[in-house]
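An overview of the molecular structure
If you want the building blocks of each chain, they are given just below.
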Amino acid sequence: MEDAHISSDLVRVILTEDQINQRLAEIAAQIDEEYRDKDVLLVGVLTGAVMVMADLSRAMTIHCSMDWMAISSYGSGTQSSGVVRILKDLNTDISGRHVLVVEDIIDTGLTLSYLVSNLRSREPASVEIMTMFRKPEAAENAVDVKWVGFDLPNEFVVGYGLDYAGKYRNLTSVATLAPHVYS
Ligand code: 5GP
Ligand code: MG
Ligand code: MG
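Residues numbered from 1 in each chain as written. Chains lettered and ligands numbered in written order. Predicted model: local features only at pLDDT ≥ 70, side-chain atom pairs only at ≥ 80, totals over all residues.

The chain has the name Hypoxanthine phosphoribosyltransferase in an unreviewed UniProt entry, where Ammonicoccus fulvus is given as its organism. Comment text from UniProt for the chain, heading Cofactor (unreviewed entry), reads "Mg(2+)". (UniProt positions renumbered as here; feature names shortened; annotations may be inferred.)

**Comments concerning the pairing of strand 3 (residues 64-73)**
Within a regular strand, side chains alternate between the sheet's two faces. With 7 bridges joining them, strand 2 (residues 40-46) and strand 3 adopt parallel strand pairing. Paired with Val43 across the two strands is Asp67, which belongs to strand 3. As paired elements, strand 3 and strand 4 (residues 84-88) share 4 bridges and run antiparallel to each other. Bridge pairing in strand 4 places Ser73 opposite Val84. (Pairing = 2+ DSSP bridges. Helix = DSSP H or I, 4+ residues; strand = E, 2+ residues; numbered from the N terminus.)

**Quick notes on the sheet that holds strand 5 (residues 98-106)**
Strand order in the open sheet made by the 6 strands is 4-3-2-5-6-7, with mixed pairing throughout. Here the strands that pair on one side only, and so sit at the sheet edges, are strand 4 and strand 7 (147-151). Between one strand axis and the next, the sheet turns by 30° as a mean value, whatever way the strands run. Relative to strand 7, strand 6 (residues 126-134) is paired through 4 bridges, and the arrangement is parallel. Within strand 7, the position partnered with Met130 by the bridge is Trp147. Each of strand 6 and strand 7 is contacted by helix 1 (residues 17-34), which is oriented at about 165° to strand 7, the strand it contacts most. (Axes fitted to C-alpha atoms, helices over the stretch in contact; angles between N-to-C directions. Contact = placed C-beta atoms within 7 Å.)

**Re the nonpolar core**
By size, the foremost hydrophobic cluster in this structure holds 43 residues, and its most contacted members are Leu100, Val101 and Val102. Looking at this core, the elements that each hand over two or more residues are strand 1 (10-15), helix 1, strand 2, helix 2 (50-59), strand 5, helix 3 (110-120), strand 6 and strand 8 (174-177). No other element matches the 6 residues that strand 5 contributes to this core. Setting aside its immediate chain neighbours within four residues, Leu100 contacts Val40, Leu42, Val43, Glu128 and Met130. (Core = buried A, V, L, I, M, F, W, Y, C linked by C-beta atoms within 7 Å. Buried ≥ 20, exposed ≤ 12 C-beta atoms within 10 Å, placed from the backbone.)

**Some words on helix 2**
Where helix 2 is concerned, the buried positions are Met51, Val52, Met53 and Leu56. If you follow the buried residues of helix 2, they end up packed against helix 1, strand 2, strand 3, strand 5 and strand 6.

**With respect to the environment of Thr111**
Here Thr111 is to be found in helix 3. Here Thr111 falls in the buried class, since 23 other C-beta atoms lie within 10 Å of it.

**Considerations on helix 1**
With 18 residues, helix 1 should cover 26 Å at 1.5 Å per step; its first-to-last C-alpha distance of 26 Å lies within 8% of that length. Residues of helix 1 that are buried include every one of Ile20, Leu24, Ala28 and Ile31, and no others. One side of helix 1 holds all its buried residues, which, seen down the axis, span an arc of 70°. Across helix 1 from its buried face, at more than 90 degrees, point the exposed residues Asp18, Gln22, Glu26, Gln30 and Glu33. On the buried face of helix 1, the contacting elements are strand 1, helix 2 and strand 7. (Expected span 1.5 Å × (residues − 1). Arc of directions from axis to C-beta.)

**Things to note about unusual backbone geometry**
A cis geometry characterises the amide bond from Leu46 onward to Thr47, with omega recorded as 0°. Within the chain, Glu123 stands out as a residue other than glycine whose phi angle is a positive 55°. Counting through the fold element by element, Glu123 comes out in the loop between helix 3 and strand 6. C-beta crowding within 10 Å serves as the criterion here: with 10 such atoms nearby, Glu123 is assigned to the exposed category. Look at Tyr160: it is not a glycine, yet its phi comes out positive at around 50°.

Shown next, in the form of structure tokens:
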């Protein structure tokens, strides 16, 4: 039986739980200010954004509602194609609503750019984006992201909602995986 502890699979911690919480507090204060007199709907993208949604919303002090979408990228292998299928749509009619999309990570930005144009077609009052993490490649697909937690190097990371083969989402920090995990 292999060591069941997550920590034995990690090589390097990129962000600690404290760093993540501090940054979330800063962003939550800005979001509070932005939506002070607006009724904001937080839209989380399953499954990666569950941790950000839970922590960001509790760091906020204004009222908010929450809803969820599940989407899946078509395309082969690990490259995002930008062609997206909605697996679970919102329960909420967002027309006339102030929508804040809450994302875990933007890599190419293709998934998000599809999602945002899909949401815009429903005629909300506004659509903004908050992402906890962003990779360098995101700059190539200009999606206008209002709040970014951290810019990360171009390395595959896990934790804080981010998975490898469905696991590691429950890690409280963000880290890189040891080579033995991939083999
Ligand atoms: P994109 O922005 O390329 O369309 O796709 C973003 C999605 O790719 C994220 O929601 C996430 O599922 C996955 N992704 C991108 N970079 C990473 C990473 O470093 N680690 C993990 N676990 N997933 C990633
Ligand atoms: Mg995501
Ligand atoms: Mg994943």
